[in-house]
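Residues per chain are reported as follows:
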Amino acid sequence: MDRGRYGCVREDGTGDDVITAMRARELGRKSVVVGDRVALVGDSSGDAGTLARIVRISERTSVLRRTADDDDTTPEGRLERVVVANADQLVIVSALSDPPPRTGFIDRCLVAAYDADIEPLLCLTKADLAGPEQVLGYYAELDLPHVLVRPGSDLDELRGLLAGRISVLVGHSGVGKSTLVNRLVPDALRAVGVVSAIGKGRHTSTSAVALRLPAVGRSRKDPGWIIDTPGIRSFGLAHVSAESLLHGFPDLVEGTLEDQPNCGHTAADADCRLDAWVAEGKADERRLTSYRRLLSSRAGEGDVRDTTADEV
Ligand SMILES: Nc1nc2c(ncn2[C@@H]2O[C@H](COP(=O)(O)OP(=O)(O)OP(=O)(O)O)[C@@H](O)[C@H]2O)c(=O)[nH]1
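Because the structure is predicted, anything quoted here is derived from the model rather than measured.

*Asks:* I'm lost on the site of the ligand in this one. Help?
*Replies:* Taken together, 14 residues form the shell around the ligand, and within it Asp128, Ser173, Gly174, Ser178 and Thr179 come nearest. Measuring from an oxygen atom of the ligand, one finds a side-chain N or O atom of Lys126 at 2.9 Å. Interatomic distance of 2.9 Å between a backbone N/O atom of Gly176 and an oxygen atom of the ligand. Protein burial of the ligand: of its 650 Å² of free accessible surface, 62% is covered by the chains. In the shell around the ligand, the residues fall into three nonpolar, six polar and five charged.

Here you go:
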């Protein structure tokens, strides 16, 4: 989206012709976000200078959301945004070194993915600088798919996991996400779908760009789409209930089954079964710490920073 103009492509189309469209009045207040499937009327030839109108947004199969903040008692926390519609996969891009992996950020992304019913994929970059053992060890209890990327490594495995799907890429600054996007889509300047919503203040700006992956190697019917999110550095989780937060920690779920129904699972809940669960070696203590950190962050307890794998 650029000043109320949306770049659309035909779902059945193989070409990259972009049809520029604007929202029709009948859409009311419904927002159009990247990934949306829309119905167009008017001139949808895509010829220069033409403008179609978006008259309908199809029901979304998934909705990836974020809030600017974690705490739903603050104005930022209440400012909920749909980041991407209809995504199938959330690719969490994390460097193995420089900057070191931040499991707090990865945990947050996992919560957002599970909450949106989107499959997570851990993409570990800079594998030439450090091994993945520490990060993978942290997630050992989860069935978390992962790929390793290093300069010059072939991207076949990743392309295979992206084929036929719409994947959203998220990552901290400096992890090599732009490098990866440029490798996946060398022709990235031909962005075919752009949506951006720049709000006031640094917490509210978001943007996402959809790029059609090229068919390389064995000719694939549908190489898939990636949606890059250059403006998104964190996932505020105020929109996720404390109960749903637990979905991001499937390794802890079983440990809560014997809890009192009203247990908040925080460190202050003296009878919480999770402490015993960890003490019995059934889950990694660092995972419980991370879960509780997110819980207290939601409760507005101060500035809770993501930690690196070394810190947790
Ligand atoms: N050693 C090594 N360096 C890499 C790799 N991938 C990217 N880099 C370098 O890491 C730095 C950051 O890469 P970017 O692609 O700009 O990272 P980004 O995540 O897009 O960060 P922003 O540009 O801040 O959004 C650059 O100097 C890259 O050359 C890798 O696999 N190995």
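*Asks:* I'm lost on the packing of aromatic side chains in this one. Help?
*Replies:* Aromatic rings in a pair are described by how distant their centres are and how their planes are angled relative to each other. Tallying each qualifying case throughout the model produces two aromatic pairs. For the ring pair Tyr138 and Tyr139, a centre distance of 4.6 Å and an interplane angle of 85 degrees mean the geometry is edge-to-face. As far as the burial class goes, Tyr138 and Tyr139 line up, both buried. Where Phe249 meets Tyr291, the ring centres are 5.3 Å apart and the plane angle is 55 degrees; that geometry is what we call tilted. Taken together, the residues Phe249 in the loop between α6 (242-245) and α7 (250-253) and Tyr291 in helix α9 (residues 285-298) connect sequence positions 42 residues apart.

*Asks:* Before we go on, may I ask you to explain the confidence of the model for the chain in this structure?
*Replies:* Segments scoring low in pLDDT should not have their predicted coordinates read at a detailed level. Confidence in the prediction for the chain averages 82 pLDDT; 80% of positions are at 70 or higher. Within the model, pLDDT remains below 50 along residues 190-206, and this stretch shows 49 contacts once partners closer than five positions in the same chain are excluded. Contacts for the low-pLDDT stretch residues 307-312, under 50 throughout, to residues beyond four places or in other chains number 18 contacts.

*Asks:* For this particular structure, what's the right way to read the pattern of salt bridges?
*Replies:* Opposite charge on two side chains makes pairing possible when the charged atoms of those side chains draw close. Under the definition given, this model contains ten salt bridges. The shortest N-O distance in the salt bridge between Arg60 and Asp36 comes to 2.8 Å. Note that Arg60 is positioned in the loop between β4 (52-57) and β5 (63-67) and Asp36 in the loop between β2 (19-23) and β3 (38-42), a separation of 24 residues in sequence. By relative accessible area, Asp36 is classed as buried at 14%. Each of Glu258, Arg273, Glu280 and Lys282 takes part in one network of salt bridges that share partners.

*Asks:* Whenever I open this one, the nonpolar core confuses me. Can you help?
*Replies:* Side chains of nonpolar character tend, in soluble globular proteins, to be buried together. Counting 49 residues, the largest nonpolar core has Leu90, Ile92, Tyr139, Leu252 and Tyr291 as its most contacted members. The dominant element in this core, judged by the number of residues it contributes, is helix α2 (residues 103-116), at eight residues. Discounting chain neighbours no more than four positions away, the residues touching Leu90 are Leu64, Cys109, Ala113, Ile118, Glu119, Pro120, Leu121, Val168 and Val170. Core analysis: the second largest hydrophobic core is formed by 20 residues, Leu158, Leu169, Val181 and Leu213 among them.

How each quantity is defined
- Residues numbered from 1 in each chain as written.
- Predicted model: local features only at pLDDT ≥ 70, side-chain atom pairs only at ≥ 80, totals over all residues.
- Heavy atoms only, no water.
- Near = heavy atom within 4 Å.
- Polar contact = N/O pair within 3.5 Å; in protein donor to acceptor, adjacent residues only side chain to side chain.
- Areas by Shrake-Rupley, 256 points an atom, 1.4 Å probe, with all protein chains shown as cover.
- Nonpolar A, V, L, I, M, F, W, Y, C, P; charged D, E, K, R; others polar.
- Phe/Tyr/Trp six-rings, centres within 6.5 Å; stacked < 30°, edge-to-face > 60°.
- Buried < 20%, exposed > 50% of the residue type's maximum accessible area, 1.4 Å probe, protein only.
- Helix = DSSP H or I, 4+ residues; strand = E, 2+ residues; numbered from the N terminus.
- pLDDT = per-residue confidence, 0-100.
- Contact = heavy atoms within 4.5 Å.
- Salt bridge = Lys/Arg side-chain N within 4 Å of Asp/Glu carboxyl O.
- Core = buried A, V, L, I, M, F, W, Y, C linked by side-chain atoms within 4.5 Å.

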